[in-house]
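Here's the letter readout for the chains.
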Amino acid sequence: VGAESYSIKKLEPLYNFKRSSSVTNAGDSVVQFNTYCELRNADKAEAEKLFLEIVEYNREDVVSTLELLKWLRTQKTENQIEYVPPEKPSEDVKEDKTWELLSTDLITNPPKWIKTPEQTRVNEVVAGMSGYFQREDRPIYWNFYNRQDAQAEELYIDAECLAIATVKSRDGANAKISFDPQQPLKLKVGDKFVLHGIPKPNANIEITKLDLVKGTAEINLPKSMQIEKEITMVPGGPIPTKAQKIILSEMAENWQSKGESALTSAALDILYRRPARVKGIAQGSELYLADETPLSAALRLAENLDSSALSIQGPPGSGKTFTGAQIICHLMKAGKKIAVVAQGKKTIENLLLAVHEQWKELKFPGKCPATLMADSNLGGENPRPQFKYASNSSARESFEQFKLVGGTHWLFAHESMSHVPFDYLFIDEAGQFSLTTAIACSYAAKNVILLGDQMQLEQVNVGVHPDDSGLSVLNYYMNGQATVPRTHGVFLDQTWRMHPDICSFISELIYESRLIANERTSQHALELGEHVDESIKPSGILFIEVDHEGNSMSSEEEAEMVSELVNELAAVKVPDGNGSTRPFTVTEEDLIVITPYNAQVELIRSKLPRAKVGSVDLFQGQEAWVSVLSMCASGDEGLHRGIDFLLSKNRMNVGLSRAKALSVVVGTSKLLNARPWNIRAIPLLNFFAGLVSVGKI
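Small disclaimer: the values here were computed from a predicted structure and weren't measured.

Enumeration according to the criterion identifies 32 salt bridges in this entry. Linking D617 and R651 is a salt bridge whose minimum nitrogen-to-oxygen distance equals 2.8 Å. In this pair, D617 is assigned in helix α19 (residues 616-619) and R651 in helix α21 (residues 649-656), connecting sequence segments 34 residues apart. A relative accessible area of 45% places D617 in the partly exposed class. Ionic contacts of the salt-bridge type, sharing partners, join the residues E12, R19, E60 and D61 into one network.

So, in structure tokens, the structure goes:
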């Protein structure tokens with residue numbers, strides 16, 4: 001069309017459409033709307049004028065779209081272009097549609113027992129949850145079959161595919177391959193694939209080693225699989241969730257016919273966002289006072305929880321896992337049966353191990369009660385002697401012999417576990433655990449305790465879900481609040497990690513100034529020698545400006561700066577834990593390097609092979625004396641997942657708060673010139689502006 005994009009503004013000259021609105025693009029409209037919101041109370045006349053301009057901009061968009069349609073139809077007629085109907089969807093995946101009928105029926109014909117607006121809202125959420133896993137499956141299947149229909153060359157620009165790789169050697173189930181390192185890739189060790197050209201969605205090829213800079217990898221595949229000299233690998237279909245779908249379908253049917261008895265009391269408290277129900281405390285009252293420590297309050301409230309839900313929010317370095325383990329120990333000592341669930345097995349194992357450690361620290365009599373861990377790999381290469389391992393199916397047959405059972409939702413969201421066999425279900429990292437999955441698991445226990453922080457890493461969906469049914473259970477329960485109210489749970493208000501100069505920034509901009517640094521963290525500072533560059537701070541937040549253009553998911557300039565910074569840090573000393581100091585080392589105890597995109601991860605690793613480098617997702621729960629965050633991007637052009645992802649307050653929070661002494665951000669302040677394409681982006685840019693201001697020397 002002779003323009004650099006297919007934006008409707010670029011196409012309008014084709015059909016001679018002229019605009020008159022002063023608002024010229026979508027980015028402007030977002031900014032103008034934000035300005036309008038601020039002016040509504042200050043200057044109503046100016047606000048109304050601005051509002052009318054925004055309305056006119058949107059009206060012109062609609063009219064222009066109609067004119068474009070007319071023009072396209074004229075071109076079709078004049079050039080005798082035949083109509084090509086869309087292809088029918090593949091018949092390879094047949095989907096049960098009953099959930100759609102049930103979900104639609106709940107919305108269009110609400111159960112007669114529903115009387116209040118709040119019941120109507122929850123009914124809509126229940127309707128949304130009934131098809132959650134089906135909606136998660138669909139885009140995965142669509143992507144799988146679209147990729148199978150594509151040419152291998154077309155998949156070169158698909159960051160989730162490994163296109164046109166050469167098989168260098170093969171030894172049984174293992175093969176070494178090479179590929180073009182210039183291919184933009186978002187891959188990691190452990191990712192699973194199927195061969196391009198084989199339309200079976202069960203992934204059976206796993207990456208065991210990967211070097212994105214050199215363009216080499218090692219893969220594990222079935223010994224019987226025949227492969228060509230040149231292969232292309234694509235992601236497979238979704239992991240089966242048949243049991244979860246059955247649980248949720250039955251839940252929705254019973255909700256429709258039997259009312260609120262379809263759910264446990266704890267699940268209802270979550271869905272209605274009710275305050276925690278605790279014996280001896282009027283529901284809706286503050287659960288603890290300022291003079292009671294969060295740990296003491298958490299122990300007391302958990303013990304007296306009355307078939308309800310309790311949230312325990314643990315900001316960075318506040319001892320969430322320690323607190324959760326202490327609660328579990330005291331409950332087991334009182335004879336309670338405990339279930340622990342999380343999105344990943346590693347998270348579950350970490351909490352279970354902490355329980356065993358705290359049992360010893362508390363000097364409770366005897367050994368920690370027997371612990372069952374559901375894991376089909378039976379602990380893999382590093383099985384823990386404290387646990388009895390079993391597959392999900394075996395665990396469901398033997399769990400009654402154990403007081404403490406850990407597993408993913410594939411264990412607990414199952415009809416055989418829906419008779420409330422446990423006293424408590426602990427959902428760890430509840431900010432990353434979906435509401436729907438939590439409700440499906442809730443049939444396993446009388447009480448639900450949410451451990452997590454809604455201001456750190458969030459629940460990730462691939463499907464689009466109605467209402468709030470796609471939120472994490474913690475984000476849903478907190479309903480947009482940055483910190484848990486005293487009516488709903490406990491806020492762990494001290495960080496034992498971050499120096500006060502780091503904590504104060506994060507506390508003010510993220511945690512409503514409720515988070516404080518323990519007095520001992522004032523000793524978390526680097527000792528700077530006389531040969532250390534004066535730009536290095538002993539503690540706090542440091543922003544290092546790096547000028548670059550045209551970068552999106554990797555930056556050679558920033559990678560070089562990170563390397564120079566680490567070389568400079570070699571001259572500093574860090575606390576040794578005994579009141580003295582020791583030399584800084586390039587180990588994960590002293591240094592963590594974080595960056596949003598895998599391409600930058602590999603670039604920095606090539607310059608700092610001994611450093612621990614990864615994305616934010618790799619480091620939640622970890623800490624080091626120094627953290628370095630490389631932003632990569634020069635602006636908002638070509639960003640994978642957009643500016644919302646790059647400047648996500650949750651992800652920035654995790655990145656900044658890994659540091660005990662010094663949190664370094666390497667990037668360009670030109671990111672502040674990025675256009676906010678939606679309202680959500682404006683506070684993110686404000687947050688980054690505050691970060692740049694605080695961190696500059």
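Turning our eyes to something else, we now look at unusual backbone geometry. Not every positive phi belongs to a glycine, and R273 is a case in point at roughly 55°. On the secondary structure map, R273 appears in the loop between α8 (265-271) and α9 (294-303). Assessed through its relative accessible area of 15%, R273 is described here as buried. Located in the positive-phi region is N479, a residue other than glycine, with phi close to 55°. Counting through the fold element by element, N479 comes out in the loop between α15 (473-478) and β14 (489-491).

Packing of helix α17 (residues 556-569) against helix α18 (residues 598-607) brings their axes to within 9 Å, and their N-to-C directions diverge by 40°. Our classification of the angle between α17 and α18 gives oblique. When the axes of α17 and α18 are compared, the crossing they make is right-handed. Between α17, through E556, E558, A559, E560, V562 and S563, and α18, the contact on the second element is made entirely by Q600, L603, I604 and K607. Here the residues of the contact of α17 with α18 are counted per class, giving four nonpolar, two polar and four charged.

With respect to topology, eight strands assemble into an open sheet ordered β10-β9-β11-β8-β12-β13-β7-β14, the strand pairing being parallel. Across the chains shown, the open sheet's two edge strands, defined by having one partner strand only, are β10 (387-390) and β14. With strand direction ignored, the average angle separating the axes of adjacent strands in the sheet is 20°. Taken together, the five bridges between strand β12 (residues 422-427) and strand β13 (residues 445-452) define a ladder with parallel strand orientation. Bridged to I427 within β13 is L450. Each of β8 (338-341), β9 (371-374), β10, β11 (404-406) and β13 is contacted by helix α11 (residues 345-361), which is oriented at about 170° to β9, the strand it contacts most.

We now examine the pairing of β9. Remember that side chains alternate between the two faces of the sheet whenever the strand is regular. Along β9, one buried face is formed by T371 and M373 and the opposite face, lined by L372 and A374, is buried too. Here four bridges tie β9 to β10, and the two strands are oriented parallel to one another. Pairing of A374 across the sheet is with A390, part of β10. Where β9 and β11 come together, three bridges link them in parallel fashion. Within β11, the position partnered with M373 by the bridge is G406.

Parameters and conventions
Residues numbered from 1 in each chain as written. Predicted model: local features only at pLDDT ≥ 70, side-chain atom pairs only at ≥ 80, totals over all residues. Heavy atoms only, no water. Salt bridge = Lys/Arg side-chain N within 4 Å of Asp/Glu carboxyl O. Helix = DSSP H or I, 4+ residues; strand = E, 2+ residues; numbered from the N terminus. Buried < 20%, exposed > 50% of the residue type's maximum accessible area, 1.4 Å probe, protein only. Axes fitted to C-alpha atoms, helices over the stretch in contact; angles between N-to-C directions. Parallel < 35°, antiparallel > 145°, perpendicular 65-115°, else oblique. Left-handed = near helix turned anticlockwise from the far one by under 90°. Contact = heavy atoms within 4.5 Å. Nonpolar A, V, L, I, M, F, W, Y, C, P; charged D, E, K, R; others polar. Pairing = 2+ DSSP bridges.

Limitation: the analysis is restricted to geometry and does not speak to function.
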